[in-house]
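Single-letter residue listing:
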Amino acid sequence: MTPETTPSPARPDAGMTDDQAAAEARRIIADAYRPAPEVPTSYRDTSPLPAYGSTPPVSQPDRRIVPAWAAGTAVAGIGVGAACVGVGCGVWLACQGFAAVSLASVLFVTLPIAAVAAVAAAIGSALRALKAVHTEHHHHYAGPVRQENTTTHTRGLIARTTNH
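None of the values given here were measured: they were computed from a predicted structure.

### Quick notes on the overall build of the chain
On a plain count of helices and strands, the chain comes out with 3 helices and 2 strands. Starting at the N terminus and walking to the C terminus, you meet the elements of the chain as α-α-α-β-β. Within the chain, the fraction of its 164 residues that count as buried is 4%. When the accessible surface of the chain is split by element, carbon and sulfur atoms take 64% of a total near 15700 Å².

Here it is in structure tokens:
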């Protein structure tokens, strides 16, 4: 158990007189209500810009080239989506005359159509990629050449590569 302690009495020289305390209170209140100095938050340079500088212009060619397979896949995806929406709306409109059809039943009818279209787009992309895989390389050497064939095997969760 810890012994209880009593606070020490205040030092007699630590306090302010009433006049000093009132003067300090007036100073604190005056500082709180003093308006903030105006600091500019933005600046607009109105001087005219030069028509041209001392540096000659440099051509900046655009090198953002989209591969043909990516563009073809994107177009096929957009086409599949548009076809599915059109067929789905047609089926929905046709079913409106027969009975009160729920959204689930319309999706049930149109889902096989969308699946077939998506599979067709995937097969087309795969065939296009297979055509692009076969490339023929011609090497022309001047002088004696030593050719070594290396087989690489990579296995395991943490990749371990073995070269033969």
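There is more to say after this.
### Focus: a nonpolar patch on the surface
On the surface, V119, I123, L127, L130 and V133 cluster together to form a nonpolar patch covering roughly 500 Å² of accessible area. In this structure, I123 sits in helix α3 (residues 103–133).

### Comments concerning the confidence of the model for the chain
Confidence along the chain averages 79 in pLDDT terms, with 88% of residues attaining 70 or more. Of all secondary-structure elements in the chain, the lowest mean pLDDT belongs to strand β2 (residues 160–163), at 76, while helix α1 (residues 18–33) reaches the highest, 92.

### Some words on the pairing of β2
Along a regular strand, successive side chains alternate from one face of the sheet to the other. Across 4 bridges, strand β1 (residues 152–155) lies against β2 in antiparallel orientation. Across the sheet, residue R155 finds its bridge partner in β2, namely R160. Between β1 and the antiparallel strand that follows it, β2, lie 4 residues; G156 among them carries a positive phi value of about 95°.

### Considerations on the pattern of salt bridges
On inspection of all chains with the given rule, the structure shows 3 salt bridges. In this structure, D31 engages R27 in a salt bridge whose closest nitrogen and oxygen atoms are separated by 3.1 Å. In this pair, D31 and R27 are both assigned in helix α1, 4 residues apart and thus about one turn of the helix distant. A residue is classified by how much of its surface remains accessible, and D31, at 35% relative accessible area, is partly exposed. By relative accessible area, R27 is classed as partly exposed at 43%. Among the ionic pairs, R34 bridges to D31, the shortest N-O distance being 2.8 Å.

Criteria and cut-off values
- Here the residue index of a chain counts from 1 through its sequence in written order.
- With the structure being a predicted model, the display of local features is reserved for residues of pLDDT at least 70 and the display and counting of side-chain atom pairs for 80 or more, all residues being used for whole-chain, interface and lining totals.
- Only heavy atoms go into the side-chain values, all of them from the structure, while hydrogens and water stay out.
- We count a stretch as a helix when DSSP gives it H or I for four or more residues in a row; a strand needs E for two or more, and each element gets its number in order from the N terminus.
- Think of it in three bands: with a 1.4 Å probe and only protein chains considered, a residue is buried below 20% of the maximum accessible area for its type, exposed above 50%, and partly exposed in between.
- Surface accessibility in these figures is a Shrake-Rupley result with a 1.4 Å probe; residues are shielded only by whichever protein chains are displayed.
- In this analysis, a patch consists of residues with relative accessible area above 30% that form no salt bridge, clustered at 9 Å for like charges and at 5 Å for the nonpolar side chains Val, Leu, Ile, Met, Phe, Trp and Tyr.
- What counts as a salt bridge is simple: a side-chain nitrogen of Lys or Arg found within 4 Å of a carboxyl oxygen of Asp or Glu.
- One confidence number per residue, pLDDT, is output by the predictor and ranges from 0 to 100.
- Any two strands with at least two DSSP bridges between them are considered paired.

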